[in-house]
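# Structural characterization, general
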Amino acid sequence: MAEAQTEARELTEADAAAELADLRAQIERANEAYHRQDAPEISDAEYDALKARAMALEEAFPALATPESPTRQVGAAPAEGFAKIRHRVRMYSLANAFDDAEVADFVRSVRAFLGLAEEAPLAFTAEPKIDGLSLSLRYEHGRLVQAATRGDGQEGENVTANALTVDDIPKRLEGAPEVLEVRGEVYMTHADFAALNARQEARGDKTFANPRNAAAGSLRQLDASITAARPLRFFAYAWGEVSKPLADTQLASIQRLKALGFQTNPLTARCATVPEMLDHYAAVEQQRATLDYDIDGVVYKVDDLALQGRLGYRSTTPRWAIAHKFPAETAWTRLEAIDIQVGRTGALSPVARLTPVTVGGVVVSNATLHNEDYIAGRDAKGQPIREGHDIRVGDWVQVYRAGDVIPKIAGVDLKNRPQDSEPYQFPTHCPACGSEAIREEGDAVRRCTGGLICPAQAVEKLKHFVSRAAFDIEGLGAKQVEALYADGWIREPADIFDLEANYGSGPRQLKNREGWGDKSAKNLFQAIEDKREIELNRVIFALGIRHIGESAAQLLARHYGTWEAFRAAVHEAEDRESAAWAELIDIDGIGAVMAESLVTAFAQERERASIDRLAERLTITDVAAPSAEGSPVAGKTLVFTGTLERMSRAEAKARAEALGARVSGSVSARTDLVIAGPGAGSKAKKAAELGIETIDEDAWLRLIGQG
Ligand code: AMP
């Protein structure tokens, strides 16, 4: 075949275009026959030849290459893993409500944030929460140019080739804004799921636990031809970057997406009151059993997009939406054993090992038992739970799953309790290192006192260190960390950055280890190098200090700006009388408990030395204030006092922070600006004494361009 063909480069572009059109049609016909009808019409070799020719033409005439070309749809995925895509507008998760009262609380909090009176109108949309996986589709000039999974919300996987094979996803749009990112859910219907599993079984391939897993497994295929063979669907319900707003309201935007050719969910309604929202929830719940796809709740969103804009986001969820989950599904099974796991902060967590049972379509064999009081039948305040009945090995227990969370135990069946069963004795020593495990007053958790000598804590700390929100080192996951720790190659985070120096050459080399090779070792060293320069907030979070989660790390990083300033401040704060301590606990969102935990961690000599060894090996980048470009208050410390009239205090604070300012609760020499409303008292006075600039609310709004 190849000889008979004219060299691609020798053709004119017009001839190449004509030939390419013909080839694409043939390939598409072959795809259709193969993937959709399971009835191939041409041999694999012929198919490959068609594709090779089309690719050669596209290479010779790049202008003719389009993302929707069949050469990109099948088998065109990157060789190793997916490329990453940074979302231009972050993809968020949703806060949850589990009952009517929580929905009412949500509406109340929205009103409070916006400073809206109870009678003021406030409409919400209500729509099913589709149980699939979210996908962001980017269209430029009406053409689908990119598709990315949510990933960690900031960075997802490039699954463009795969998305191109999904029928519900339009490849071209008419009349869309120049840039339009459409977001929604990829899912699989029950009928398609059953048929897929039957096919998998017939071929001896693994079957999927539920439609969501099947959808995720199908979309995230390196070989897009597999995706093409899987019946995926897509509902659009949101958007990311847009060059021109779709509409003024949530509902009208969805209608616009529908008009553009997307599938949108028909069970979407606009509700003016909480009872209307709950009615819609009940109606959707009733229809749930008859729908051909899985849903796990109803999502309420503030309808007015201007209000959505004012409400903004928390660290991972919008303030303007909430998912009202359906009640969890339950099942009974036997508790076979109670194991104790030791976490990175030394917490001993009891885990129930269960006889495997299916709960809501997923096989469950473990459940959390929280802590020793919970097992004994008491809550944190010593009040009885489960009517004071304890949980024992051998018991029949009722298991439930709520959303994605780890399965839990809802109750015990005392009638079926074995006669010889005994109350569970919670260990008083760490099962990993044998150190004493103690429970401090007021703490529900028993903790291992072994600190760094406890291998379980060390490994968990390392796993946390390499996790997604921390250093996110590609190729270094929990499994690798465990193995490298066990052999002593990595004992603490700093060792990761010496891995290449120690094990890149010489007698003991990473590439010679089982499961590693030349390429994977090189890739890992490179992935580690790539993370040597890293943002301050990630480093703080990665340290795995108790109570210091992602958002606390953000707050600290933004407050101190540089590693040196942070490190020095935490050290000085060891003296609880110091200004550094006062400043630390004054950071809005950092309470005394967090501050205590942070300072204590740095006060321990071994821990501190280990952290310093790490820092020496890194280039820690200062934290740029978010969206602070051109912001007049970026990096400034503000204090609001008195009554604000145009917005609530919460909203004012959120807006200031979104502009890169820090908001503090009290006035000190470090305060840059005080915004004082009517009724301002001692804080305004103190500001005057210290000579700190003080402005009123109108001036503040003008300053940030919203006056
Ligand atoms: P979660 O990951 O459980 O916090 O829930 C957030 C996810 O719900 C989003 O990332 C979406 O993938 C998914 N979702 C499903 N249906 C909807 C919907 N109608 N509106 C918003 N998100 C939805």
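Near the ligand there are 13 residues, and of these Ser93, Arg150, Glu185, Tyr237 and Lys301 occur at the shortest range. Here a nitrogen atom of the ligand and a side-chain polar atom of glutamate 127 are 3.1 Å apart. Contacts to the ligand include proline 128, whose backbone N or O atom sits 3.2 Å from a nitrogen atom. The protein chains hide 88% of the 490 Å² of surface that the ligand would expose on its own. Among the secondary structure elements, those contributing two or more residues to the shell around the ligand are strand S3 (124-130) and strand S10 (295-302). Of the residues that constitute the shell around the ligand, the class distribution is six nonpolar, two polar and five charged.

As a further point, take the domain arrangement of the chain. Domain annotation of the chain identifies domain 1 (2-73 + 328-416), domain 2 (84-325), domain 3 (454-491 + 498-531), domain 4 (535-621) and domain 5 (637-703). Taken over C-alpha atoms, the centre of domain 2 sits 36 Å from the centre of domain 3.

This part is about the sheet that holds S3. One open sheet accounts for five strands, arranged S2-S11-S10-S3-S9; its pairing is mixed. The open sheet has two edge strands with one neighbour each: strand S2 (96-97) and strand S9 (269-271). Here two bridges tie S2 to strand S11 (residues 321-325), and the two strands are oriented parallel to one another. Within S11, the residue paired with alanine 97 across the bridge is histidine 324. Strands S3, S9 and S10 of the sheet are contacted by helix H9 (residues 250-259), whose axis makes an angle of about 50° with S3. Lying over the sheet, helix H10 (residues 274-288) contacts S3, S9, S10 and S11, oriented at roughly 155° with respect to S10.

Attention now moves to the packing of aromatic side chains. Pairs of aromatic rings are described using the distance from one ring centre to the other and the angle between the two planes. Following the criterion strictly, the structure yields 16 aromatic pairs and no others. Centroid distance phenylalanine 640 to tryptophan 700: 5.4 Å. Interplanar angle 85°. Geometry classified as edge-to-face. With a gap of 60 residues between them, phenylalanine 640 in strand S21 (residues 637-641) and tryptophan 700 in helix H26 (residues 697-703) connect regions that are remote in the sequence. In this structure, phenylalanine 640 and tryptophan 700 share a single accessibility class: buried. Connected via pairs of aromatic rings, a cluster forms that spans Tyr560, Trp563, Phe566 and Phe602. A cation sits over an aromatic face here: arginine 90 above tyrosine 92, 5.4 Å from the ring centre. Sitting above the plane of the tyrosine 374 ring, arginine 386 keeps its charged end 4.7 Å from the centroid.

With that settled, the discussion passes to the pairing of strand S14 (residues 362-368). Each regular strand shows side chains that alternate between the opposite faces of the sheet. Pairing geometry for strand S13 (residues 348-359) and S14, over six bridges, is antiparallel. Considered in S14, the bridge of valine 351 is made with threonine 368. The turn linking S13 back onto S14 is made up of two residues, and glycine 360 within it adopts a positive phi angle of 55°.

With the rule as written, the count across this model stands at 46 salt bridges. Among the ionic pairs, arginine 439 bridges to aspartate 373, the shortest N-O distance being 2.9 Å. Here arginine 439, found in strand S17 (residues 437-439), pairs with aspartate 373, found in helix H12 (residues 372-376); they are 66 residues apart in sequence, far enough to count as distant. Residues glutamate 482 and lysine 463 are paired through a salt bridge, measuring 2.6 Å at the closest nitrogen-oxygen approach. Of the two residues, glutamate 482 is situated in helix H14 (residues 478-486) and lysine 463 in helix H13 (residues 455-466); the sequence distance between them amounts to 19 residues. Members of the salt-bridge network, linked through shared partners, are Arg88, Arg138, Glu140, Glu181, Arg183 and Glu241.

Turning next to the sheet that holds strand S23 (residues 673-676). In spatial order, the strands read S22-S21-S23-S24; together these four strands make up an open sheet with parallel pairing. Edge positions in the sheet fall to strand S22 (662-664) and strand S24 (693-695), since each of these pairs with one other strand and no more. Pairwise comparison of adjacent strand axes, ignoring direction, gives a mean angle of 30° for this sheet. Summarising the sheet, S23 and S24 pair through three bridges and their orientation is parallel. Among the inter-strand pairings, isoleucine 675 is bridged to a residue of S24, identified as isoleucine 695.

Glancing now at the environment of lysine 408. Tracing the backbone through its elements, the reader meets lysine 408 in strand S16 (residues 408-412). In sequence terms lysine 408 and threonine 330 are 78 residues apart; their C-alpha atoms lie 9.5 Å from each other.

So, about the nonpolar core. Formed by 60 residues in total, the largest nonpolar core has its most connected members in Ile496, Leu556, Trp563 and Leu584. Mapping this core onto the domain boundaries places at least three of its residues in each of domain 3 (454-491 + 498-531) and domain 4 (535-621).

Conventions we followed
- Residues numbered from 1 in each chain as written.
- Predicted model: local features only at pLDDT ≥ 70, side-chain atom pairs only at ≥ 80, totals over all residues.
- Heavy atoms only, no water.
- Near = heavy atom within 4 Å.
- Polar contact = N/O pair within 3.5 Å; in protein donor to acceptor, adjacent residues only side chain to side chain.
- Areas by Shrake-Rupley, 256 points an atom, 1.4 Å probe, with all protein chains shown as cover.
- Helix = DSSP H or I, 4+ residues; strand = E, 2+ residues; numbered from the N terminus.
- Nonpolar A, V, L, I, M, F, W, Y, C, P; charged D, E, K, R; others polar.
- Domains from an automatic or database assignment.
- Pairing = 2+ DSSP bridges.
- Contact = heavy atoms within 4.5 Å.
- Axes fitted to C-alpha atoms, helices over the stretch in contact; angles between N-to-C directions.
- Phe/Tyr/Trp six-rings, centres within 6.5 Å; stacked < 30°, edge-to-face > 60°.
- Buried < 20%, exposed > 50% of the residue type's maximum accessible area, 1.4 Å probe, protein only.
- Lys NZ or Arg CZ within 6 Å of the ring centre and 35° of its normal.
- Salt bridge = Lys/Arg side-chain N within 4 Å of Asp/Glu carboxyl O.
- Core = buried A, V, L, I, M, F, W, Y, C linked by side-chain atoms within 4.5 Å.

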